[in-house]
Amino acid sequence: MIGEQTRVLVRCGGKYQYWGKKIDAEKFYFEGMIACEGSESDRYGDIYCQLANGATYASDDYVLVKGISMLIPVNSFFILKLKMASGKELFLAMTRSSDEAEMYTAVGKFGTLDDCLAYIDDHDEVA
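About the thresholds
Residues numbered from 1 in each chain as written. Predicted model: local features only at pLDDT ≥ 70, side-chain atom pairs only at ≥ 80, totals over all residues. Heavy atoms only, no water. pLDDT = per-residue confidence, 0-100. Helix = DSSP H or I, 4+ residues; strand = E, 2+ residues; numbered from the N terminus. Buried < 20%, exposed > 50% of the residue type's maximum accessible area, 1.4 Å probe, protein only. Pairing = 2+ DSSP bridges. Arc of directions from axis to C-beta. Phe/Tyr/Trp six-rings, centres within 6.5 Å; stacked < 30°, edge-to-face > 60°. Salt bridge = Lys/Arg side-chain N within 4 Å of Asp/Glu carboxyl O.

A.B. asks: Even after reading the chapter, I still don't get the confidence of the model for the protein, so can you show me in this structure?
C.D. replies: Note: predicted coordinates in regions of low pLDDT should not be interpreted at a detailed level. Across the protein, the average pLDDT comes to 85, with 91% of residues at or above 70. Across the protein, helix α1 (residues 22-35) holds the top mean pLDDT of 94, while strand β4 (residues 65-74) sits lowest at 75.

Structural data, given as structure tokens:
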């Protein structure tokens, strides 16, 4: 399948998730759309449709990301740098969320790389 190895970023319920394989994200949000009811099903459905239509960033709200410029491994964390539509940069400290899929969840949002690294220093069990 074309695009199944594409990495994607999803913002759902105010939380960021980074998926190593787009097909895993599509499967997760499709299954969520079927399993849930009401507004939760709508949220999952909106994200699934965005991903199925080729998006590499999908959201259930109006937070716009212009680009993802780096993914840096730091011990047991990854740092994801986002360029927001407003022009600001946002750094996300990400940890692995699933052993089954290559999926990471943001555990902290920071305006500078230094603040993100300080958070990792304080919270990393490997360091």
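A.B. asks: So what exactly am I meant to see when it comes to the pairing of strand β2 (residues 15-19) here?
C.D. replies: Regular strands place their side chains on alternate faces of the sheet. Burial within β2 is extensive, with four of its five residues counted as buried. A loop of two residues connects strand β1 (residues 8-12) with β2, the two strands running antiparallel in sequence, and G13 in this loop sits at a positive phi of about 60°. Sheet analysis places β2 next to strand β7 (residues 103-110), joined by three bridges and oriented antiparallel. Pairing of W19 across the sheet is with M103, part of β7.

A.B. asks: Explain helix α3 (residues 113-123) to me, please; I cannot follow it from the model alone.
C.D. replies: The periodicity of an α-helix, 3.6 residues per turn, causes residues three or four positions apart to be oriented the same way. Three or more residues of α3 are buried, namely C116, Y119 and I120. With its buried residues spanning 100° around the axis, α3 presents them on a single face. Those residues of α3 that are exposed and angled more than 90 degrees off the buried face are D114, D121 and D122.

A.B. asks: In this structure, what is going on with the packing of aromatic side chains? I would like to understand it.
C.D. replies: Between two aromatic rings, the relevant description is the distance of the centres plus the angle of the planes. Summed over all chains, the structure comprises nine aromatic pairs. Between Y29 and Y44 the ring centres are 5.4 Å apart and the planes differ by 40°, which places this aromatic pair in the tilted class. Of this pair, Y29 sits in helix α1 while Y44 sits in helix α2 (residues 38-52), placing them 15 residues apart in sequence. Per residue, the accessibility class of Y29 equals that of Y44, and both read buried. Seen in terms of ring centroids, F110 and Y119 are 5.3 Å apart; in terms of plane orientation they differ by 45°. Their pairing is tilted. The buried category is assigned to Y119, whose relative accessible area is 19%. One aromatic cluster is present, formed by W19, F28, Y29 and Y44 through successive ring pairs.

A.B. asks: What is the right way to read unusual backbone geometry from this model?
C.D. replies: One can expect most non-glycine residues to show negative phi and most peptide bonds to be in trans. Phi is positive for N75, close to 55°, though the residue is something other than glycine. With respect to the element layout, N75 can be found in the loop between β4 and β5 (77-84).

A.B. asks: Looking at this structure, how should I read the pattern of salt bridges?
C.D. replies: Note on pairing: side chains with opposite charge can pair once their charged atoms come close. In total, this model carries three salt bridges according to the counting rule given. Put simply, R11 and D61 hold a salt bridge, and the shortest N to O gap is 2.8 Å. Placement of the pair is R11 in strand β1 and D61 in the loop between β3 (57-59) and β4, with a sequence separation of 50 residues. We classify D61 as partly exposed; its relative accessible area is 26%. Between R43 and D60 there is a salt bridge, with the nearest N and O atoms lying 3.1 Å from each other. You can see R43 sitting in helix α2 and its partner D60 sitting in the loop between β3 and β4, a full 17 residues away along the chain. The class for R43 is partly exposed, based on a relative accessible area of 29%.

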